[in-house]
Amino acid sequence: MPLAIVLGGTIALVLAALWAGRPGAGPHAGIRRAVLAADRVTTGIATAIAVAALLVAVFAGFWQVVARFATETPSVWSEALVRTALVWMAFLGLAAAIRTGSLVSIDMAHRYSRGAFRRGIEAAVLAGNLSLMGVLFWFGWIMAERVKFQEMAGLEVSISWGYAALPIGAAFAVLGALGQFLDHKSEELEMAV
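One numbering rule holds for all chains: residues counted from 1, following each sequence as written. Only residues with pLDDT of at least 70 get local features here, since the model is predicted, and only at 80 or more are side-chain atom pairs given and counted; chain-wide, interface and lining totals rely on the full set of residues. Heavy atoms from the whole structure form the basis of all side-chain values; hydrogens and water molecules are not counted.

Q: Tell me about the side chain of Ser-113, and please be specific about residues and values.
A: Residue placement: Ser-113 occurs in the loop between helix H4 (107-111) and helix H5 (115-146). Setting aside chain neighbours within four positions, we find Ser-113 in contact with Arg-118 and Ile-121. Helix and strand definitions here come from DSSP, where helices need a minimum of 4 consecutive H or I residues and strands a minimum of 2 consecutive E residues; each element is numbered from the N-terminal end. Residues count as neighbours in contact if any of their non-hydrogen atoms are within 4.5 Å of one another.

Q: Got a sec to walk through a nonpolar patch on the surface? Specific residues and values, please.
A: A cluster of nonpolar side chains, contributed by Val-51, Leu-54, Leu-55, Val-58, Phe-59 and Leu-86, occupies part of the molecular surface with about 530 Å² of accessible area. The element contributing the most residues to the nonpolar patch is helix H2 (residues 27-70), with five residues. Tracing the backbone shows Val-58 in helix H2. Given the relative accessible area of 47%, Val-58 is considered partly exposed. Exposure above 30% relative accessible area and the absence of a salt bridge qualify a residue for a patch, where like charges join within 9 Å and nonpolar side chains (Val, Leu, Ile, Met, Phe, Trp, Tyr) within 5 Å. Shrake-Rupley sampling with a 1.4 Å probe provides the accessible areas, and residues are treated as covered by the protein chains on show and by no other component. One side-chain nitrogen of Lys or Arg within 4 Å of one carboxyl oxygen of Asp or Glu is enough to make a salt bridge. Working definition: with a 1.4 Å probe on protein chains only, accessible area under 20% of the residue-type maximum means buried, over 50% means exposed, and in between means partly exposed.

Q: Which residues make up the side chain of Thr-10, and what are the values?
A: Summarising the element assignment, Thr-10 is placed in helix H1 (residues 2-20). The buried category is assigned to Thr-10, whose relative accessible area is 5%. Residue contacts for Thr-10: discarding those within four places in its chain leaves Ala-127, Leu-130 and Ser-131.

Q: Tell me about the environment of His-28, and please be specific about residues and values.
A: Structurally, His-28 is set in helix H2. Taking the C-alpha atoms as reference points, His-28 and Thr-43, 15 residues apart in sequence, are found 22 Å from one another. When sequence neighbours within four positions are dropped, the list of residues in contact with His-28 reads Trp-19, Ala-20, Arg-22 and Pro-23.

Q: Outline the pattern of salt bridges, supporting the account with residue identities and numerical values.
A: According to the stated counting rule, one finds five salt bridges in the structure shown. Salt-bridge contacts for Asp-39 lead to Arg-99; the nearest nitrogen and oxygen are separated by 2.6 Å. With a gap of 60 residues between them, Asp-39 in helix H2 and Arg-99 in helix H3 (residues 78-99) connect regions that are remote in the sequence. Across this residue pair, the class does not change: Asp-39 and Arg-99 are buried. Here Glu-79 and Arg-83 are joined by a salt bridge, their closest N and O atoms 3.6 Å apart. Of this pair, Glu-79 and Arg-83 both sit in helix H3, four residues apart, which is roughly one turn of that helix. Exposure remark for Glu-79: the relative accessible area of 46% places this residue in the partly exposed category. Three or more residues joined by partner-sharing salt bridges are found here, namely Asp-39, Arg-99 and Asp-183.

Note that every value here comes from positions in space, so none of it alone points to a role or purpose.
Here's what the structure looks like:
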């Protein structure tokens, strides 16, 4: 049942993105502008939080090394904080990776195709991204709900805070995928040789 819902949602969003991505003026152009504006804001927020999570992981990891080797009293909370911060960084950074075209990059086919075939490749990539994000959202939400009464060793907070990165990161990444489809960017291709 969950996979059928994800598949239905993916198909509906791909069809809506194909409609909104048509050239010209009209109601679809307004929706396209609104999605791209929301994408700019949400991807910026997700990227900023991912960078902050990386900084937290670096400083907690540094403290773990200092505490273990300089003071010879290992820190009980730093390893759990590093692990949780890295999970948040990865799943929130997913939105930026998708938006820049770095997650699913079919550069050879995209580079040498034109017209409807190119749009078909982009729609297939969008469908793959949306399907993956739908599964991550659905099962991440379920896992966060299941473990809400368990605590992380060392941090003494609910382990749901760690699992919440999956549905939240997937929600940000959906907007990134739609933004990538409506305003295609392939920044990694500019650096490729």
